[in-house]
There are 2 protein chains.
Amino acid sequence: MLKTFDDLNKSSCSDCVDMSCAVSLLNKAQYNLLSDNSLESEIKKGEIIIRSDSLISNIVYLKTGFVKEFVIGQDKEMRIIQILKNHSYLGLHSLFGDKINHYSYAALEDLKVCYIDINIFKQLIKSNGSFAYQILKDIGKENIYNYYRFIANSKNNIDGRFANILLYLSERIYENTKFNLQLSRQELADLIGISRESTTRIITKFKKDGIINVTRNSMELIKLDLLQKISKNG
Amino acid sequence: MLKTFDDLNKSSCSDCVDMSCAVSLLNKAQYNLLSDNSLESEIKKGEIIIRSDSLISNIVYLKTGFVKEFVIGQDKEMRIIQILKNHSYLGLHSLFGDKINHYSYAALEDLKVCYIDINIFKQLIKSNGSFAYQILKDIGKENIYNYYRFIANSKNNIDGRFANILLYLSERIYENTKFNLQLSRQELADLIGISRESTTRIITKFKKDGIINVTRNSMELIKLDLLQKISKNG
DNA sequence: CTCAAAATGTGATCTGTGTCACATTTATTA
DNA sequence: TAATAAATGTGACACAGATCACATTTTGAG
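First, a word on what this report is: a plain description of the structure on this page. None of these values were measured; they are calculated from a predicted model.

Reading the values: the criteria
- Residues numbered from 1 in each chain as written.
- Chains lettered and ligands numbered in written order.
- Predicted model: local features only at pLDDT ≥ 70, side-chain atom pairs only at ≥ 80, totals over all residues.
- Heavy atoms only, no water.
- Helix = DSSP H or I, 4+ residues; strand = E, 2+ residues; numbered from the N terminus.
- Expected span 1.5 Å × (residues − 1).
- Near = heavy atom within 4 Å.
- Polar contact = N/O pair within 3.5 Å; in protein donor to acceptor, adjacent residues only side chain to side chain.
- Nonpolar A, V, L, I, M, F, W, Y, C, P; charged D, E, K, R; others polar.
- Contact = heavy atoms within 4.5 Å.
- Buried area = accessible area lost by both parts, 1.4 Å probe.
- Salt bridge = Lys/Arg side-chain N within 4 Å of Asp/Glu carboxyl O.
- Pairing = 2+ DSSP bridges.
- Axes fitted to C-alpha atoms, helices over the stretch in contact; angles between N-to-C directions.
- Disulfide = S-S within 2.5 Å.
- Least-squares fit on C-alpha atoms with pLDDT ≥ 70 in both.

This part covers helix H8 (residues 196-208) of chain B. Since there are 3.6 residues in each turn of an α-helix, residues three or four apart along the chain are aligned in direction. In this model, H8(B) (13 residues) spans 19 Å end to end at C-alpha, consistent with the 18 Å of a helix rising 1.5 Å per residue. Gly210(B) lies just past H8(B) and shows a positive phi near 70°.

Here you go:
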């Protein structure tokens, strides 16, 4: 979708409907700085947004849509680290610890994003403590969930892991017990480190037991209490 | 070790030999604020420093010594998340994402620590962008290493995991190919989510193959290239 | 609409690693 | 220094889940 010169001029971060919590804490000058140094863009389903091992030049703010964060192992297998939803920053994980992106990001559906120059982003953090604090909060929340999942996965049978990821998707990502499943069976498997075949078998079993209701691209959690129990005791 | 009144008065963060990078970015007033609201203390080997599920009231700065960060699962088994060395902050993981500590911290040897009131800590972040930026950098670095380990663990046989943790301890924690092993075999197992018996077997095998040199409480990595290879290809 | 390619489902094996059971060594306490 | 507890080593065995092989369904291109 091409923009007219007028459109480009008009766009300002200060009246963005998808503004992040952190950005809402900026002052007028900082809004302008951000507006002048960020670029809105649209990305089609399946496209790679950031490639791992690339130099970090931009932070990508996800205005709308879902994204998977992943790495490809030396065995060529994909490990999905997490799913990111609207109003998240992509690339934050690597920004403060390194000069290189450690993960790749791919669009699970059509997206609206904003590219933000990293130097501007860093400058905002250094010049606005509240902005920095909000970013720290975002990162902290994300990490708590991710660490929890990693820990849960490490000592859990595959049923427990799968129950766990269903609850994660429902509570944290889609915020509903029923959601459109933008992930293939393979991707669900990659999210918890099990095989595709096992994923199929678990889904069949859970469906038979009335725990979930699935079609190819929709998922509904029925017996939440049972899922909780399975996610804990395997 | 009791302190005299004079000792207490004298202690100032501005001339602490174990000062963190972040604190070195504070101005005079901020130094004083920190000095007035932090408390130096010593902790004996084995003691719990922070208990998970407790309310966050202090951040603990680790001046000297090694600490394990862990949780106890519902199966009563310990999952060690990471080892922390001197000049690290304990509790940062939970501080920005929640009001409750998500992990426990225990001393692997006698420690020197400083308790810092969280409100002061947050105030410093909001009032000093460079301080905030440095904390973000610390958290970022730590996360990169931890995520990498979690990902590596999820699709790797136990030999690969063990090679991986040896390299992690050597490079990241002890910064030497030879180090005092303050962790028991059980704790090494808990760090990578395998059984104690498997740990024993791997150590025996690696020793026989001349890859490492171990005694009960010392570890030396001999064939680093082979360890790298095992950590990648299992 | 047709046909090829991709995704998914399902049964039959095979294997890595946990578990159990016990021996041995090291640490701790009296 | 003996006695007890804790940590570690080691073999035998079981089984969860990966892998393989193939059937079936869905998707997408022309």
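Back to the text.
Near DNA strand C you find 17 residues, and of these Arg216(A), Asn157(B), Ser195(B), Ser198(B) and Arg201(B) are the closest. Residue Arg201(B) places a side-chain N or O atom 3.0 Å away from a base oxygen belonging to DNA strand C. Among the secondary structure elements, those contributing two or more residues to the surface near DNA strand C are helix H7 (185-192) and helix H8 (196-208) of chain A together with H8 of chain B. Sort the elements by how many residues they give to the surface near DNA strand C and H8(A) lands first, with five residues. Residue classes in the surface near DNA strand C are distributed as two nonpolar, seven polar and eight charged.

So, about the interface of chain B and chain A. Each partner contributes residues to the interface: chain B has 37 residues there, and chain A has 37 residues. Carbon and sulfur atoms supply 65% of the area buried between chain B and chain A, which totals about 3600 Å² over both sides. Across the chain B-chain A interface, the total number found is two salt bridges. A salt bridge links Lys155(B) to Glu77(A); the shortest N-O distance between them is 2.6 Å. Taken together, chain B and chain A are joined by 14 residue pairs in polar contact (both at pLDDT 80 or more). Those elements that place two or more of their residues in the side of chain B that touches chain A are strand S5 (78-84), helix H3 (92-95), helix H4 (118-127), helix H5 (129-154) and helix H9 (224-233) of chain B. No other element matches the 17 residues that H5(B) contributes to the side of chain B that touches chain A. Taken together, the residues of the side of chain B that touches chain A break down into 15 nonpolar, 13 polar and nine charged.

Residues and elements named next belong to chain A. The strand order across the open sheet formed by three strands is S9-S11-S10, and the pairing between neighbours is antiparallel. Looking along the sheet, the strands with just one partner apiece sit at the ends: strand S9 (178-180) and strand S10 (212-215). Neighbouring strand axes in the sheet, compared pairwise and without regard to direction, differ in orientation by 10° on average. Sheet topology note: the S9/strand S11 (residues 218-221) ladder contains three bridges and is antiparallel. Looking at S11, one finds that Asn180 is bridged to Ser218. Against the sheet, helix H6 (residues 158-173) makes contact with S9, S10 and S11, and its axis sits at roughly 95° relative to S11, the strand it touches most.

What follows deals with the state of the cysteines. Residues and elements named next belong to chain A. Counted under the stated rule, the structure contains zero disulfides over all chains. Just so you know, Cys13 is unpaired, no disulfide at all, and the nearest cysteine sulfur is the one on Cys114, 6.2 Å from it. The structure places no disulfide on Cys16, whose sulfur is separated from the nearest cysteine sulfur, that of Cys114, by 6.1 Å.

Attention now goes to the relation of the copies chain B and chain A. Superposing chain B onto chain A takes a rotation of 180° plus a shift of 0.0 Å along the axis, which leaves an RMSD of 0.0 Å. Seen this way, the second copy is the image of the first under a two-fold rotation axis. The position closest to the rotation axis in chain B is occupied by the C-alpha of Gly129(B), lying 2.5 Å away. Most of the interface of chain B is mirrored in chain A: 100% of its interface residues are interface residues there too.

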